[in-house]
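# Per-entry structural report
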Amino acid sequence: MKKKMNKSIMKLGLCFIMLFALSGCLGGREINDLEIVIGMGVDKDGSTGDVLLTAQVVKEGEISRSGSSSGDGESKAFWNVNGKGKSIFDAVRQITHKTGNRLFVSHNQAVIFGKDIAMEGLQKYIDFFLRTHEMRPTTLILIAEEQASDIMDAKPETEKLPAINIAKLVKTYGFTSYFYKVNMKDFASCMMSETTASLAPLINVSQDKDCKDVYVSGMAVFKNGKMVGKLKQDEVRGVLWVLGKVKSGVIIIPSPNEQGDVVLEITKAKSKVTPEIRDSKIIMHIKIKEESSLSEKNTTENLATISGLEKMQKVTAEVIRQEILAAFNKSGEIDTDVFGFGEMLHKKYNKEWKILKENWDEIYPTIELRIDIETKIIKTDLLKKPATPSEEGK
Amino acid sequence: MALLRKTLKEYLFFTEPDKPDDFVLEEGKDEGNESCNDAVKDGSGEKREKTEKVRKSKGVIKKLFTPEREDTACYGYDSNADNSEKNESDVKKESKDPESIKRKTSISKDVARNLEYMRKVYNVPLNGDVVIREFEIAFKDKTIPAFSIFFDGLVDRMLVNESILKPLMLLSNIEIKGKEDDIADYVQKHILPQSQMLLEESYEKVIFGINYGCCAIFIDGVDKVFVADAKGWEHRGIERPNAELVIQGPQEGFGEILRINTALIRKILKDEKLIVEDILIGERSKTPCSMLYIKDIVNDSLVQEVRRRLKGVKIDHLIDSGELEQLIEDSTYLPTPQVIYTERPDRVSRYLANGRIAIIVSGSPFALVVPATMWNLFHATEDEYVRFPYANLLRVVRLFAIFLTLLLPGIYIAITNYHHEMIPTDLLLAIEASREKVPFPSVFELLIMEVSFELIREAGIRIPGPIGPTLGIVGALILGQAAVSANIVSPILIIIVAVTGIGSFAIPNFSLAYSFRLQRFAYIALGATAGFLGISFGLFIMFLWIAKAKSFGVPVLVPYGPTTADVNKGNIFRNPTWKQNRRPDDLNVKSKNSQQEISRQWKINEEEN
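Residues numbered from 1 in each chain as written. Chains lettered and ligands numbered in written order. Predicted model: local features only at pLDDT ≥ 70, side-chain atom pairs only at ≥ 80, totals over all residues. Heavy atoms only, no water.

## Some words on the sheet that holds strand S10 (residues 367-370) of chain B
All names here are of chain B. The antiparallel open sheet is built from 5 strands, whose spatial order is S6-S7-S9-S10-S8. Taken across any chain shown, the strands that pair with only one partner, and hence form the sheet edges, are strand S6 (274-281) and strand S8 (340-342). Ignoring which end each strand starts from, the neighbouring axes of this sheet average 25° apart. Sheet topology note: the strand S9 (residues 357-361)/S10 ladder contains 4 bridges and is antiparallel. Across the sheet, the residue bridging to Ile 360 is Ala 367, located in S10. The strands that helix H13 (residues 300-311) touches are S6, strand S7 (287-294), S9 and S10; relative to S7, the one it contacts most, it runs at about 170°. (Pairing = 2+ DSSP bridges. Helix = DSSP H or I, 4+ residues; strand = E, 2+ residues; numbered from the N terminus. Axes fitted to C-alpha atoms, helices over the stretch in contact; angles between N-to-C directions. Contact = heavy atoms within 4.5 Å.)

## Focus: the pattern of salt bridges
Residues and elements named next belong to chain B. Across all of its chains, the model carries 42 salt bridges over all chains by this definition. For Glu 244, the salt bridge goes to Arg 347, with nearest N and O atoms at 2.9 Å. Highlighted residues: Glu 244 in the loop between strand S5 (225-229) and helix H12 (258-269) and Arg 347 in helix H15 (residues 345-353), separated in sequence by 103 residues. Judged by relative accessible area, which is 10%, Glu 244 ranks as buried. Residue Arg 344 pairs with Asp 346 through a salt bridge whose shortest N-O separation is 3.1 Å. Comparing Arg 344 with Asp 346, the two get one shared label, buried. Counted as one network, the salt bridges with shared partners bring together Glu 305, Arg 308, Arg 309 and Asp 330. (Salt bridge = Lys/Arg side-chain N within 4 Å of Asp/Glu carboxyl O. Buried < 20%, exposed > 50% of the residue type's maximum accessible area, 1.4 Å probe, protein only.)

## Here we look at the packing of aromatic side chains
All names here are of chain B. Following the criterion strictly, the structure yields 22 aromatic pairs over all chains and no others. Between Phe 147 and Phe 218, the aromatic rings sit 4.7 Å apart at their centres with planes inclined by 5°, giving stacked as the arrangement. Here the residue Phe 147 occupies a position in strand S2 (residues 142-151), and Phe 218 occupies one in strand S4 (residues 214-219), the gap between them amounting to 71 residues. Between Tyr 341 and Phe 366, the ring centres sit 4.7 Å apart and the planes meet at 10°, which makes this aromatic pair stacked. (Phe/Tyr/Trp six-rings, centres within 6.5 Å; stacked < 30°, edge-to-face > 60°.)

## Here's the deal with the interface of chain B and chain A
Listed as interface residues are 41 residues of chain B and, on the opposing side, 38 residues of chain A. Across the interface of chain B and chain A, roughly 3600 Å² is buried in total on both sides, 70% from carbon and sulfur atoms. If you look at where chain B meets chain A, you find 1 salt bridge. Among the salt bridges present, the one from Arg435(B) reaches Glu30(A), with a minimum N-O distance of 3.2 Å. Counting every contact that joins chain B to chain A gives 9 residue pairs in polar contact (both at pLDDT 80 or more). For the side of chain B that touches chain A, the secondary-structure elements that each account for two or more residues are helix H1 (2-12), helix H4 (60-65), helix H17 (388-417), helix H18 (425-434), helix H19 (442-462) and helix H22 (510-548) of chain B. In terms of residue class, the side of chain B that touches chain A is made up of 23 nonpolar, 9 polar and 9 charged. (Buried area = accessible area lost by both parts, 1.4 Å probe. Polar contact = N/O pair within 3.5 Å; in protein donor to acceptor, adjacent residues only side chain to side chain. Nonpolar A, V, L, I, M, F, W, Y, C, P; charged D, E, K, R; others polar.)

Put into structure tokens, the structure is as follows:
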């Protein structure tokens, strides 16, 4: 009896030991021994050429303190620690000696690269962020118009942590569709493509009196990992129309009959791109379906009539077409395939692509776009007639 | 070391699994009976074989944790007669004890000898509450000496005075048209107006009767004793159940009196097929127990098995059904209970109607119902009484409560120590901020709070009534608040412990709640040593263990463990009442349907009209 009992305990013990032996699951860490990194900035040290890493570490004591201490301008809930090193990992380990604890980067919200790093090429810097197991592939990637560390320093008014503020404002791109969020995984997969240019939001700080505001000014265009140019907000939306990534946003069109503007809000947008090679010419058929609602207008005319809506729909289509063409022209200038047309051709015309890709840079600007836009204004929100004196007796 | 090598070998090489269990509830009502009869006929050789089989046939996990109770296992197949024979032989072996011989001796005709003997047995006058009343019966022309003996307090004194002593002493003088010359016949037929009166011939039975609240009357010249039922002890009335309150449904609970309890069930079921089988348990205490079942529903082999186990219990004193539960359950070390423990007659009745067996112990307001599956423990009485969507809401809440009680502290420890990346960023920051000034590791912190919560709970039960709620408030509010402001624990931890505690109260079966309270500490340890991996290891072991377990031949996880025909029939979620046509399939009952296929006949009538 006792022997059996011993044996059973031994069996259980063996199972338990196997937990550790087979999985290597050791090394629990107390939560307050962590230095939680919420954002990272990568810059280049001009003089030495070393990497200058800024890690934004949370000061947990300040987090819990509610707004009462806001009068004390000095108290910040974050701490930007700098580290220099030959590589990013080197710099990360250097920072450990300043913080006293190992950095914990699982909750990193955004990685911001300085402009000089982006110009040099992200290829060799991004490797660490993709390789390390603690890092999430969904971490946002951003390019600073100047130094990344400046952006990390800009203390937001409502949020306590700049990195969280930045992540938030990038994630709300859908309201305008003037840029879109790019995370590590997306960026890396774009970089792996031979022709497609990768995009990343450009972020900047505006000095306004004594407070600094962070905003996204457009998107940086990368070719072979190096930043080659910049797309402005309208141009970015041109790209997004084609890619079908427009979520919502505002289209301003001139009022069809009177002086003044009509503002539409995009409620739905779909796109379909079919490449075609005809007579040794590449034609991209772009079909866009868009639905919007009339959200604002500053004219007195009643546009909620069938003819009024039809007119507006035509004008809207024209505006969208112009945005797409502007984006295409811009990308032609810097010779980068921001739309990913190359990949589409690759999929459909596998054989021809082998020849095409050799001279893709020359071919790309000659692509003919055939844009077919179908727009629909589905509602006029709460008002049908404008709030003007009604015309008596029609 | 050799043991270790052997264990390793066992893991690496396949071995034929043993026969799983000694009793499996099979389908078919006759098989069980036959096999049992065979066992009895074949006698001892067969019995030895059976014992060996039992020894061999214990499954792995059971083998690990069950102490072998060979005795009960091998005596168990004894039939009734066999059992009493054994008792006699036992008695003979103990023949050095003079008492036991005398008990077997027959009653003398001489009342003086009887009186002397009874005095000796009851240690009069050492024993204060024994009342021996000597008197004389006037019969025809002569007077006959007699005495009555009973325990003061156990009998109804008015009853003894009015309908035993008074008729014997006074009314026997009255001329009654009786032709009997025999005084025993005369007394039985004309004088004692008692509904329950026995004529006993052995001291043993007389003494048992007296111990159980009867009044024994010895009459000179008669070698038999009148044992009149005059039980009149004080007892608690029928009250509302304390542990299993419902809002909607019957409000009666069991009391301590066996007959009242069985009557409560009979009152609900009103079924002549309801059998109340009496069994005495306890060598000395002779506690009367009743085994209840509905004869034409229940599986016969299940009845045999329960009877076998009850008769195989050999202890001196049985006080409460909780003790009996521990003596008849399948596995002592299984973390979950295998018997339903309830104080509600309506609940017992429902289980009886489903083909289960109830055991009521005299002196205990809790009835045992077997066999029990995990789901029975998880169901509450009220589930069947409230409308079905509400019942399902309650069940979801209860499942959630089980999850919280069992795993929440363990998961908290695992996450905060190993899986920081799983918490949403804001929550992580909040937890970190709240733990900033706490000097202890989080496991220690959690254990402090869990232990003090258990302290409050235990003290709350022990503390005298009026102070109880005060303690709760002092303990929960002030202690928690003070612990937080003293930076001993973090506020988030207080929430965890409080939610865990509340969750454990939402589990309907108290025994199951105990089990989860205990296991919670194991999960804290596992979570602290190996994170989620440890917790899943624990869950894996626990489920293996439970999946193996059987309660009276019925697998505990049925109908999901082994899948049965009614796998989707209201175990986790309840079906509407009109759909509950069949009794649980795992009980292999004699009549499968509990209501007509279309239980709402008015629906058809409506269409016809």
